[in-house]
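In case you want the letters, here they are:
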Amino acid sequence: MAEHFLTKCQIDLSQCLETGGGLALESHGALYQALRERVSPEAAALFAEPLLSRGNETAPASVAWYTEYPGEGRPLRALDEADRSRVEAVLSERLRAIRAHLADPEDGPLIGAALHLANHPDGDIWVVDGQPVIVNWGMLPVGMSRAPETRGAHVAATLGRFLPLAAAPPLSAPEAMARRADVPTDTPPDTDGSAPPAGGATTGATVAPGPVPPEPAARAWPGAIAWVPLLALLLIAGGVLVWLLLPGTRIFPPRNPDPAIDRAAAAAAVAEINASLEDRLARLQAALDGAQCRPDGTLTMPDGRTIEGLLPPDPTNPADAPGSRAAADPHPILPPDPARVQVPSDGASAMDLTSLLELIEARTVMVVRYLADADARPGEQVRAERGSGFFVGPDLVVTNNHVVAGAQDDRIFVINRSLGQQYPVTVIKTVGPFGSTGRDFALLRVQGVNAPYFTLLKPDHSLKLQSVIAAGYPDDLLGDWRGGTDPVPDLAVTDGTVNAEQVLAQGTPAIVHSAPISQGNSGGPLVDMCGRVVGVNTFVRQGALRNLNVALASGDLLEFLESAALTPATVTRPCQPQLLRPVAPPASAGPPAEAAAGVPDFNLRPSSDE
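Residues numbered from 1 in each chain as written. Predicted model: local features only at pLDDT ≥ 70, side-chain atom pairs only at ≥ 80, totals over all residues. Heavy atoms only, no water.

Q: Can you lay out the overall build of the protein for me, pointing to particular residues and giving the numbers?
A: In terms of helices and strands, the protein carries 14 helices and 28 strands. Taking all 610 residues of the protein together, the buried fraction comes to 47%. Carbon and sulfur atoms provide 57% of the accessible area of the protein, an area that totals close to 29,100 Å². (Helix = DSSP H or I, 4+ residues; strand = E, 2+ residues; numbered from the N terminus. Buried < 20%, exposed > 50% of the residue type's maximum accessible area, 1.4 Å probe, protein only. Areas by Shrake-Rupley, 256 points an atom, 1.4 Å probe, with all protein chains shown as cover.)

Set out below in structure tokens:
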């Protein structure tokens, strides 16, 4: 239903409220259907769709939240005052439309449960594409009592400023029935439309269910003065209406999905990927049926190459000794180990070689933008939002526009382990947003560095089925990294193959690949097995059965850089990977400590949530 990843948080299952014999979190479909049919699609979209992982003995429970709105989400409190006020007005309007249904004995308990929030440190109300989205719903803070009085005070302190209630939202049919006196269905509640002051205090928030006390009678205005405020309001309303009718004027961005990611383009990508996967399945089956083990222990495929695309070593040729370098097939059964792939260390013409992994680590950076919390106290550390980027010149970094959009130059920094510290940047040029332009690039100048940089591929050939590496700093692996004195985080790399080369709406060339990416990978490089950048990882389209990992093609990036009067290093030739032959471990070497202790040796990769 909801296709766009928003955020992820760890929870304690004891926080979750139950309705109908199960967790409210697991009844999002029923909640969405009830609100869509009985209130509006906008009210239904207000509550993010949860993907609950109950955890195990080693991993805590967690919830990944998804929304139907495209674009990068931000906590409500991170917006400036004007934007926050507009979103709060929309949120209040949609919540108040829901209130009358709390008295329904069938849907009321589920809706009531959804109005309880966990009060997460990162915020329970987010904003995507100008629309409010509620996460961490159907929960209470750890250890909080479920007594109506306690719940009523908690709701008043969280959603109370947007939805004043005389009592705690119901969690059962009897509680819902008791609210029928609270929520009349023949007249809209809170006809004055006012909300209580910030902080959420509401009169009677902890009072047991019962009739709402009548409002005191309004004071009469003497004489003709009574009409002055009304006349002023009418004049203001008329001016706003005229402004809205002017061409190109909108309060919020358009509600329709991103035109650059329309359903037709997505369907075409899925069809092409399905065909690609069927071809790959047939190839794997053929490899499985025809694989042979040579006397020296080398497993060969039907084409005579190893699973990584190498020809078997010739025992009579000293140049084929273990650890020697050899040419590999650019379309192997499995992507080779990037630590053994050899590439030029300083551009396409250099003779010195290094590992692909080392090359990527030196040239990929984390892009950090610091934002002060709206409710931060003086002296309190500011929050860090993160993305990825990569060097295309000694002091030039490319990332996505949405990674740095809206941030002040003096609050944007880049860092990786090669740099060793955070360096301030200046935004030179941007293009975006993606939804309206089909482009999403930003060029940054890093002050005081002379770093190695990537060569960009200017392809004149298809990349389909070629092995690629996605590099970046996904939030899934960074945890609570806050910048400042925190250690420089490690770069995450994932491997995969190019599934499809698509032209999206507005002529946007894109690469759909199988290397998993997630939130935080935005702006990071997609690199081939020769160390050339073939794309900029930008978004994940969440599907029912699979995720589409999408990178904007390097050809489009080159046009953007040339528009900024920059001539980056480029190459057009197809990739011919160079791979070090495996070196057998010493016969006396025992198993790794982890294996000896019974711990599997996993290759940790981020999940696809962006």
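Q: Run through the sheet that holds strand β11 (residues 325–327), naming residues and quoting values.
A: Ordered by their spatial adjacency, four strands build an open sheet running β11-β28-β12-β13, and the pairing between neighbours is antiparallel. The two strands at the open ends of the sheet, each matched to only one other strand, are β11 and β13 (353–355). Averaged over all adjacent pairs, the angle separating strand axes in this sheet is 45°, with direction ignored. Where strand β12 (residues 341–344) lies against β13, three bridges are found, and the strand directions are antiparallel. Within β13, the residue paired with Val343 across the bridge is Thr354. Each of β12 and β13 is contacted by helix α9 (residues 356–363), which is oriented at about 85° to β13, the strand it contacts most. (Pairing = 2+ DSSP bridges. Axes fitted to C-alpha atoms, helices over the stretch in contact; angles between N-to-C directions. Contact = heavy atoms within 4.5 Å.)

Q: Can you break down unusual backbone geometry residue by residue, with the values?
A: The step from Gly432 to Pro433 runs through a cis peptide bond, and the omega angle for that step is 0°. When you line up the elements, Pro433 lands in the loop between β18 (423–431) and α11 (434–437). Positive phi values are uncommon outside glycine, yet Leu465 reaches one of about 75°. Locating Leu465 in the fold gives a position in the loop between β20 (455–457) and β21 (467–472). Judged by its relative accessible area of 33%, Leu465 is partly exposed. Although it is not a glycine, Ala565 sits at a positive phi angle of roughly 60°.

Q: Can you lay out the sheet that holds strand β4 (residues 49–53) for me, pointing to particular residues and giving the numbers?
A: Across a sheet, strands are paired by hydrogen bonds formed along the backbone, either parallel or antiparallel in direction. Taking strand neighbours across the sheet as the criterion, the three strands line up as β1-β5-β4 in an open arrangement whose pairing is antiparallel. Two strands bound the open sheet, and with one partner strand each, they are β1 (4–11) and β4. Neighbouring strand axes in the sheet, compared pairwise and without regard to direction, differ in orientation by 20° on average. Across seven bridges, the pairing between β1 and strand β5 (residues 61–67) is antiparallel. Residue pairing in the sheet places Gln10 in a bridge with Ser62 of β5.

Q: Before we move on, could you go through α9 and cite the residues and values that matter?
A: Owing to its 3.6 residues per turn, the α-helix aligns residues three or four sequence positions apart on the same side. Within the sequence span of α9, burial applies to Leu356, Leu359, Ile360, Ala362 and Arg363. End-on, the buried residues of α9 take up no more than an arc of 165°, which puts them together on one face. (Arc of directions from axis to C-beta.)

Q: For the state of the cysteines, give the residues involved together with the corresponding values.
A: Within the structure shown, the criterion is met by one disulfide. Residue Cys16 stays outside any disulfide, its sulfur separated by 9.6 Å from that of Cys9, the closest cysteine. (Disulfide = S-S within 2.5 Å.)

Q: An account of the nonpolar core is requested, with residue identities and associated values reported.
A: One finds Phe47, Trp65, Leu95, Ile134 and Trp137 to be the most contacted residues of the largest nonpolar core, which totals 51 residues. Looking at this core, the elements that each hand over two or more residues are β1, α1 (28–38), α2 (41–44), β5, α3 (81–99), α4 (108–114), β7 (125–128) and β8 (131–134). Within the second largest apolar cluster, 50 residues are counted, among which are Phe434, Ala471, Val512 and Leu579. (Core = buried A, V, L, I, M, F, W, Y, C linked by side-chain atoms within 4.5 Å.)

Q: Give a description of the environment of Thr508 that names residues and reports values.
A: Tracing the backbone through its elements, the reader meets Thr508 in strand β23 (residues 508–513). Judged by its relative accessible area of 0%, Thr508 falls in the buried class. Along the chain, Thr508 and Asp556 lie 48 residues apart, while their C-alpha atoms are 7.8 Å from each other. Apart from the residues within four sequence positions on either side, Thr508 is in contact with Phe434, Gly438, Arg439, Gln502, Val503 and Leu552. From its side chain, Thr508 meets the backbone oxygen of Gly438 in a polar contact 2.9 Å long. A polar atom in the side chain of Thr508 sits 3.1 Å from the side chain of Arg439. (Polar contact = N/O pair within 3.5 Å; in protein donor to acceptor, adjacent residues only side chain to side chain.)

Q: Residues and numbers for the packing of aromatic side chains, please.
A: Taken as a whole and assessed by the stated rule, the structure comprises seven aromatic pairs. Between Phe5 and Tyr66, the ring centres sit 5.6 Å apart and the planes meet at 70°, which makes this aromatic pair edge-to-face. Note that Phe5 is positioned in strand β1 and Tyr66 in strand β5, a separation of 61 residues in sequence. Of the two residues examined, Phe5 and Tyr66, each falls in the buried class. (Phe/Tyr/Trp six-rings, centres within 6.5 Å; stacked < 30°, edge-to-face > 60°.)

Q: Please provide a residue-by-residue account of the pairing of β8, values included.
A: Alternating residues of β8 divide into Gln131 and Val133 and Pro132 and Ile134, and every residue in both groups is buried. Bridge count between β7 and β8: four bridges; the pairing is antiparallel. Looking across to β8, one finds that Val128 is bridged to Gln131. In sequence, β7 turns back onto β8 through a hairpin of two residues, with Asp129 there showing a positive phi of about 55°.

Q: Can you break down helix α5 (residues 148–158) residue by residue, with the values?
A: When we look at burial in α5, the residues that qualify are Arg151, Gly152, His154, Val155, Ala156 and Thr158. Of the surrounding secondary structure, the elements contacted by the buried residues of α5 are α6 (173–178).

Q: Outline the side chain of Asp528, listing residues and values.
A: Along the polypeptide, Asp528 turns up in strand β24 (residues 525–528). The buried category is assigned to Asp528, whose relative accessible area is 1%. Among the polar contacts listed, one links the side chain of Asp528 to the backbone nitrogen of Cys530, at a separation of 3.0 Å. The residues contacting Asp528, other than those within four sequence positions of it, are Leu356, Leu457, Ser467, Val468, Val534 and Cys575.

Q: Explain the pattern of salt bridges to me, using residue names and the numbers behind them.
A: In total, this model carries 14 salt bridges according to the counting rule given. Between Arg86 and Asp83 there is a salt bridge, with its nearest N and O atoms 2.2 Å apart. Of the two residues, Arg86 and Asp83 both sit in helix α3, three residues apart, roughly one turn of that helix. For Asp83, a relative accessible area of 28% gives the class partly exposed. Among the salt bridges present, the one from Arg417 reaches Asp490, with a minimum N-O distance of 3.9 Å. Residue Arg417 is located in the loop between β17 (412–415) and β18, and its partner Asp490 is located in the loop between α12 (475–478) and β22 (492–504); the two are separated by 73 residues in the primary sequence. Through salt bridges with shared partners, a single network forms among Arg38, Asp104 and Asp107. (Salt bridge = Lys/Arg side-chain N within 4 Å of Asp/Glu carboxyl O.)

Q: Before we move on, can you summarise the confidence of the model for the protein with the specific residues and values?
A: For the protein, mean pLDDT is 79; residues scoring 70 or higher make up 77% of the total. When pLDDT is averaged over each helix and strand of the protein, the minimum, 42, is found for helix α14 (residues 593–596) and the maximum, 97, for strand β16 (residues 396–399). For the stretch residues 184–222, pLDDT sits under 50, and the model shows 53 contacts to residues farther than four places along the chain or on other chains. Under a pLDDT of 50 for its full length, residues 247–260 has, in the predicted model, 28 contacts with residues more than four places off or in other chains. (pLDDT = per-residue confidence, 0-100.)

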